[in-house]
Amino acid sequence: MADESITIQKLRETFGDRIEVVPAAIDMDTVKLGRDDIVEVCGFLRGEDDLDYDLMRDLTCVDYIDEKPRFEIVYHLYSIYHGHEIRLKVRLDEQDAAIDTITDIWTGANWYEREVYDLYGITFTNHPDLRRILLYPEFEGYPLRKDYPIDKEQPLFEEREETRGVR
Amino acid sequence: MGIERAFGEGIITTRLDKIVNWGRKWSFFCYPFVTACCGMEYMSAAASHYDIARFGAEFPRFSPRQADLMLVVGTICHKVAPVLKLVHEQMCEPKWVMAVGACACSGGFYRNYSVVQGADRIIPVDVYVTGCPRDLRPSWTAS
């Protein structure tokens, strides 16, 4: 298709039907993948001279609690020289919430993956340093999942007598 | 008033606690426990335009041992709550606490897993300055 960007054309050539382009996304190219292909696709996007995605802008997770598979990891990539942008989406099941790390390709993904691990509970295999980054060690649970109650606090301190029961 | 007439000019009499309180009122050593955006407002208040030096409070003491007023400025998360308690306990009596900003007063607009709903859940607070961020027109009479 002529009006598809060079990224999508190259991805289709190399990966065929392992990727699925999302036509409804009008702001940038959006591609859905399976979780086994993510490292290969990211390596390809970084390595190809015409594509040259050298900036990983963002790595987040979305919790679609009513859908199966539940979690969707979203990667935003950008090529500084060419100006290409792409969004990659990978769906993960709740029972098996693990995916390969892309820290070998972009080092900056290190802390983003730690944040997703800390707040959603997705494990990144082969991550060099997978541990909590924002929450404290005594915290139990994954607060950004949709089934964590919004105002459930886990205080580290003993609440004062005067304010107990207020609010 | 009789005794003052006997002393002549330049001498007044008062109670000891009143004169001590007058001294304390006009010379704070604040400990600004700044965590978030209200800290910018604190910095503006301490700068030249909205000067707090005219109240005797310009020198922030970054050691709790030397401070008598702790300004809790900004959002208090559960992760920093034990630190706040520890710093408050290290201050010597008499000590006062001023909660600056909506987040320190009551959690602000945050109602979630990480924000303490008001610094007064952790330490006793004497003055609440509300606002998000707080209004700089001075009601700085924390005295």
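Small disclaimer: the values here were computed from a predicted structure and weren't measured.

Participant: Even after reading the chapter, I still don't get the pairing of strand 2 (residues 29–33) of chain A, so can you show me in this structure?
Facilitator: In regular strands, side chains alternate between the two faces of the sheet. All names here are of chain A. Bridging between strand 1 (residues 20–21) and strand 2 involves two bridges; their strand directions are antiparallel. Paired with Val21 across the two strands is Val31, which belongs to strand 2. Direction of pairing for strand 2 relative to strand 5 (residues 85–92): parallel, over a ladder of five bridges. Considered in strand 5, the bridge of Asp29 is made with Ile86.

Participant: Looking at this structure, I do not really get the nonpolar core. What am I missing?
Facilitator: Nonpolar side chains in soluble globular proteins tend to be buried together. Membership of the largest hydrophobic core comes to 31 residues, with the highest contact counts inside it found for B:Leu71, B:Val72 and B:Val100. Of all the elements, strand 2 (residues 69–73) of chain B adds the most residues to this core, at five residues. With sequence-adjacent residues up to four places away left out, B:Leu71 is seen in contact with B:Cys30, B:Tyr31, B:Pro32, B:Phe33, B:Tyr42, B:Met98 and B:Val100. Membership of the second largest hydrophobic core comes to 28 residues, among which are A:Leu77, A:Tyr117, A:Tyr120 and A:Phe124.

Participant: Just checking my understanding: could you explain the environment of A:Asp50 for this structure?
Facilitator: Residue and element names in this part refer to chain A. Along the chain, the position of Asp50 falls in the loop between helix 2 (38–47) and strand 3 (55–63). With 11 C-beta atoms packed within 10 Å, Asp50 lands in the exposed category. Residues Asp50 and Pro23, 27 residues apart in the sequence, show an inter-C-alpha distance of 23 Å.

Participant: Help me understand the sheet that holds strand 2 of chain B in this model?
Facilitator: All names here are of chain B. Strand order in the open sheet formed by four strands is 1-2-3-4, with parallel pairing between adjacent strands. Strand pairing shows two members of the sheet lacking a second neighbour, strand 1 (30–34) and strand 4 (127–129), which therefore form its edges. Adjacent strand axes in the sheet meet at a mean angle of 20°, parallel and antiparallel pairs treated alike. Relative to strand 2, strand 1 runs parallel, the two sharing five bridges. Bridging from a neighbouring strand, Tyr31 pairs with Met70 of strand 2. Together, strand 1, strand 2 and strand 3 (96–100) form the strand contacts of helix 3 (residues 38–46), whose direction differs from that of strand 2 by roughly 135°.

Participant: Looking at this structure, I do not really get the sheet that holds strand 3 of chain A. What am I missing?
Facilitator: Sheet strands pair by backbone hydrogen bonding; their relative direction is either parallel or antiparallel. Residue and element names in this part refer to chain A. Taking strand neighbours across the sheet as the criterion, the five strands line up as 1-2-5-4-3 in an open arrangement whose pairing is mixed. Two strands lie at the open edges of the sheet, namely strand 1 and strand 3, each paired on one side alone. Summarising the sheet, strand 4 (residues 71–78) and strand 5 pair through eight bridges and their orientation is antiparallel. Looking across to strand 5, one finds that Tyr78 is bridged to Glu85. Of the strands in this sheet, strand 3 and strand 4 touch helix 3 (residues 109–120), which is tilted by about 10° from strand 3.

Participant: What is the right way to read the pairing of strand 3 of chain B from this model?
Facilitator: All names here are of chain B. With respect to burial, strand 3 is a largely interior element, four of its five residues being buried. Here five bridges tie strand 2 to strand 3, and the two strands are oriented parallel to one another. Within strand 3, the position partnered with Val73 by the bridge is Val100. Sheet analysis places strand 3 next to strand 4, joined by three bridges and oriented parallel.

Calculation criteria
Residues numbered from 1 in each chain as written. Chains lettered and ligands numbered in written order. Predicted model: local features only at pLDDT ≥ 70, side-chain atom pairs only at ≥ 80, totals over all residues. Pairing = 2+ DSSP bridges. Helix = DSSP H or I, 4+ residues; strand = E, 2+ residues; numbered from the N terminus. Core = buried A, V, L, I, M, F, W, Y, C linked by C-beta atoms within 7 Å. Buried ≥ 20, exposed ≤ 12 C-beta atoms within 10 Å, placed from the backbone. Contact = placed C-beta atoms within 7 Å. Axes fitted to C-alpha atoms, helices over the stretch in contact; angles between N-to-C directions.

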